[in-house]
Amino acid sequence: MRLIRCRLESVRRHRTLEVAFAPGLTLIGGANESGKSSLVEAMHRTLFVRAAATGSATRDLRSATHAGHPQVEIDFDAAGHRWSLQKCFSGSGGTSRLSRSGQQALLGGDAEDQLAVLLGVDEIIGSRQVNRVLPTRWAHLWVMQGLAGRNLLDLSAEHYDLQGLITALEGQAKQALQSPFDQLIYNQLEDLVASSLTSRGVKQNSELWKRRQELQQATDRESDAREQLFSYETACSELDENEQSLDALDRQAPDVQQMRRKLLTLKDLQQQVAPLRLQRNQRQQQLGTLTRLGKEVQESEAAMTALRRELSVLKESVATSSSNLIAQRHAFEQLDSKRQLLEERGHGLRRRQDQERLQQRILEVRRRQEQCAELEQQQTSLSNQLNQLPGLDSDALAALQAHQRHLRELDIRLQSMASRVELQTSDRSVLLDGERLSEGDVVQRTGAFRLEVGDGVVLLVSPGEGTGLSALLADRKLSQAQLEKDLKHWSVNSLEDADGLFQRRKELLQQRTVLDARLRQLKEQRRDGQDDDLQKLQEQFAEHQQQPDDPQIAAVEDLPQALSDCRTQYKSVQDQLRCARSDCERADREQTTQERKIQELRIRLERHEARHVQQLQQKREIEEHHGAAATIEADLSEVIRQCALLQERMLALGGDCGLEEGADIEMSLADLEEREQFFNRQRTDLNRARGSLLERCERLGSRELHAELEEAAAHLEVAQQAEEQETRLVESRALLLRRFQEARADLSSRYSSPLRSSINRFIAPFLHQPGDSSELRFDAGDGLKDLRLQRSGQSLEFSQLSGGLKEQLNAAVRLAIAETLRKGHDGCLPVLFDDAFTNSDPSRLEAVGAMLRQAVDLGLQVVVLSCDPAPYRNIADSVVDLDRL
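First, a word on scope: everything that follows refers to the structure included in this document. Bear in mind the structure is a predicted one, so any value in this text is a computation, not a measurement.

Moving on, we get to the packing of aromatic side chains. Under the definition given, this model contains 3 aromatic pairs. Between F48 and W138, the aromatic rings sit 5.2 Å apart at their centres with planes inclined by 75°, giving edge-to-face as the arrangement. On the criterion of sequence distance, the pair formed by F48 in helix α1 (residues 36-48) and W138 in the loop between α4 (130-133) and β8 (142-143) is long-range, its members being 90 residues apart. The same class applies to F48 and to W138, which are both buried. Their ring planes at 40° and their centres at 5.5 Å tell us that F833 and F837 sit as a pair that is tilted. A residue is classified by how much of its surface remains accessible, and F837, at 7% relative accessible area, is buried. In this structure an aromatic cluster arises from ring pairing among F48, W138 and W142.

Turning to the sheet that holds strand β15 (residues 449-453), a few remarks are in order. If you trace the 4 strands from one edge of the open sheet to the other, you get β13-β12-β15-β16, paired in antiparallel fashion. Whereas interior strands pair on both sides, the edge strands pair on one side only; in this sheet they are β13 (435-437) and β16 (457-461). Sheet twist, expressed as the mean angle between neighbouring strand axes with direction ignored, is 25°. Summarising the sheet, strand β12 (residues 430-432) and β15 pair through 3 bridges and their orientation is antiparallel. Across the sheet, V430 pairs through a bridge with V453, a residue of β15.

Take the nonpolar core next. The biggest cluster of nonpolar side chains holds 100 residues, and the ones touching the most others in it are F76 and F833. The biggest single contributor to this core is helix α17 (residues 803-821), with 10 residues. Filtering out sequence-adjacent residues up to four positions away, F833 remains in contact with V143, A811, L815, L852, V862, V863, V864 and L865.

For the rest of this paragraph, the subject is the environment of L169. Inspection of the secondary structure assignment puts L169 in helix α5 (residues 162-173). In this structure the C-alpha to C-alpha distance between L169 and T820, which are 651 residues apart in sequence, comes to 7.5 Å.

Moving on, we come to the pattern of salt bridges. Taken as a whole and assessed by the stated rule, the structure comprises 26 salt bridges. The salt bridge partner of E18 is R7, with a shortest N-O separation of 3.9 Å. In this pair, E18 is assigned in strand β2 (residues 14-20) and R7 in strand β1 (residues 2-11), connecting sequence segments 11 residues apart. When its relative accessible area of 44% is taken as the criterion, E18 is described as partly exposed. Look at R7 and you get partly exposed, because its relative accessible area is 26%. Between D77 and R82 there is a salt bridge; the shortest N-O distance is 2.9 Å. Among the residues examined, D77 registers a relative accessible area of 22% and is labelled partly exposed.

Bringing helix α3 (residues 108-119) into the picture now. The terminal C-alpha atoms of α3, which comprises 12 residues, lie 17 Å apart, in line with the 16 Å expected from a rise of 1.5 Å per residue. Turning to α3, its buried residues are A111, E112, L115, A116, L118 and L119. For α3, the arc enclosing every buried residue in end-on projection is 160°, short of the 170-degree limit, so these residues lie on one face. With respect to the buried face of α3, the exposed residues turned more than 90 degrees away are D110 and V117. Against α1, β4 (71-78), β5 (81-88), β6 (95-100) and β7 (106-107) lie the buried residues of α3. The positive-phi residue at the C-terminal boundary of α3 is G120, with phi of around 75°.

In the contact formed by α17 and helix α18 (residues 842-857), the axes pass within 11 Å of each other and the chain directions differ by 5°. Taken together, the axis directions place α17 and α18 in an arrangement best described as roughly parallel. Side by side, α17 and α18 meet where L805, Q808, A811, A812 and L815 of the first sit next to R844, V848, M851, L852 and A855 of the second. Within the contact of α17 with α18, the residues separate by chemical class into 8 nonpolar, 1 polar and 1 charged.

All right, on to the pairing of β5 then. Bridge analysis of β4 against β5 gives 8 bridges, and the strand direction is antiparallel. If you follow D75 over to β5, its bridge partner there is S84. Between β4 and β5, which pair antiparallel one after the other, the connecting turn spans 2 residues, and A79 there sits at a positive phi close to 55°. Bridging between β5 and β6 involves 6 bridges; their strand directions are antiparallel. Across the sheet, residue C88 finds its bridge partner in β6, namely T95. Between the antiparallel neighbours β5 and β6 lie 6 residues, among them G91 with a positive phi of about 85°.

Parameters and conventions
Residues numbered from 1 in each chain as written. Predicted model: local features only at pLDDT ≥ 70, side-chain atom pairs only at ≥ 80, totals over all residues. Heavy atoms only, no water. Phe/Tyr/Trp six-rings, centres within 6.5 Å; stacked < 30°, edge-to-face > 60°. Helix = DSSP H or I, 4+ residues; strand = E, 2+ residues; numbered from the N terminus. Buried < 20%, exposed > 50% of the residue type's maximum accessible area, 1.4 Å probe, protein only. Pairing = 2+ DSSP bridges. Axes fitted to C-alpha atoms, helices over the stretch in contact; angles between N-to-C directions. Core = buried A, V, L, I, M, F, W, Y, C linked by side-chain atoms within 4.5 Å. Contact = heavy atoms within 4.5 Å. Salt bridge = Lys/Arg side-chain N within 4 Å of Asp/Glu carboxyl O. Expected span 1.5 Å × (residues − 1). Arc of directions from axis to C-beta. Parallel < 35°, antiparallel > 145°, perpendicular 65-115°, else oblique. Nonpolar A, V, L, I, M, F, W, Y, C, P; charged D, E, K, R; others polar.

Right, here's the structure in full:
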């Protein structure tokens, strides 16, 4: 099929638009919103949507600016004839007409049915199918705007005509992809395997599952029979061991009872020796207490004597320190009074000094104010003198000097061009500018002059070959006029007068600058507080005068010397006062320390006296209750003798019991008690276990356990054979299915190789390495999948590619599919790209053009719509510019 022409009326922004398509590559250019996509959508809906469709299928084509229903006419070649298709989308009343030369035109449904045959689709869709089916029609041939980067092979098989592609691939491979009988066998194998296996393992309630359940039951039965036989044999063995353990317990009982009697006797001896040991300890403690109290009484008496002696010495020292402290305090008070007198004299001297300073300050402020007024007056005078002078600055003076120099240069140049005329001899009259010359006359002329010799000779002489003189004269005149104008402007007669005025003005400006700096300094001093307010100073001076003055201070003539002497005396008295205060504080601290020591000695003496009385009282109480030390010693000796006799009997009895010296009898009895309880519990447990074992032996011995084990083993063998047989059957089916799938995959791979080769041929301009190529997988159930690109040794998924490479690979896939399908459509199919290469950089657009041109050379028709048509003009067979239509 090949597009010839398309004509639109009242479609969106187009009132009328007619486009002719070249057999090869047609380029349609235009700016954004120029109607390129409207043309594509109108052609797409005209080819695949019924004219009588309603809803968005036709509403989206209507124009908001032009009256009338959308009408589209398309001429195309198909099935060996040229056809003309006309549709008017007016809702349910829409009309369609399909005609070819030499045949009666088809109308309505007949036209739609014939169009479906020509396009190779099942039917022309109606309103209900537009949203679902229309995007799949020719999605592998026409790239709509914005969809160039979408992976075509990720979509369903309807988007790239899988059935037609399979038919074309089978035609190239010269054998069927798979026969219907192969598909039937494959489906039956899938059903058989699915009836026994799932993705998680064996399917429940399948034959294999039942065989395995039976095998598990037979295994459990055989294991149970084996366990019953083993339990019977184990019970008989345990019963024998139980009876032997009961006999051993009965033999150990007399030894335990005899050991118990010996331990009880040993416990009685320990109870007897305990009071004796307590008495021994008490007597030892009493004797030790009496001895300790005797020593403490002697130590207390010696300590009290020493404390009384030390207390007497400290009291005498405190009396002496008190008298010295009183004398020091009296001296300190005298020095403090002298210090106060000197301090008052110093205040008076400083107050007089402040008065004199204020008076000097007032005079200084007045002097500065007068100086500031005088400077302001001088500043005003200088400003007046400057105002009277003309405003001649350095630039103006430089301009005057430049004019003067230029005028001098012109004079010099004119003088260099002057002519000297000397009449030496002549027999005729000679006139120079009308003046007669005599022999020997010499005349100079700076410009052109006329020389007349006799009556018939007139000479016009121009110095400098007659060039530039008039210009020099004009320039000198202009410079002279400008200089005179400038001198008149500054009211001077010469450059020297102007220079004098400038120097005078400069001197006055310098003097005013000095005055300004001095005034600014005085004002800054006043602003910074260096000059106080005169009124405040006078008020402070008046306050000082109101204070009464000491006559002695008023009589002082040398005030700084008097103030210095006062400071010296005050410092000396202050040092003496500081030393006196330090001595008083030290004496006070020493007296306080001695008094504190006296208090501590008294407290210590009182404590020793109280302790001495308490020690005597304790000694007297012990002697009253227990006797003297000799009596306590006699009682202690008797108690020690009795303890030794009992200890000997305990050692002998402990040796018989196997106890070490110092062992705990209570713990040994507790251990023996625990041992007896253990024996009793063990005997009880053994008797209970004996009964249970007898019951098990009687119960199990009544059955034929060996026969039951043999029968269960036979059933297990049969179940194992059945399970193994069913397992081999299922595994063989699964193996056959895998082999069938591998064979199909291998066959589909061989059939998809022409398509992959075609893609590689189109994408070759974008691949730079020898091993770079495209990859895809063909599955009979899912179609074409897993589009990838092999680049630089890496296999990249479609999603990993850049935006531009996605567009280019998608275009190559579409061109490869179109090339594969074109033989079923009269050797040609139209492939359309609507702004499909917007992400491709300019350097690769040349490769895009080569790929499109290659498709044209292979017999495909290519239509490119772009808002930037410049890169495609060189390869286009026909160019349509919508901006000019």
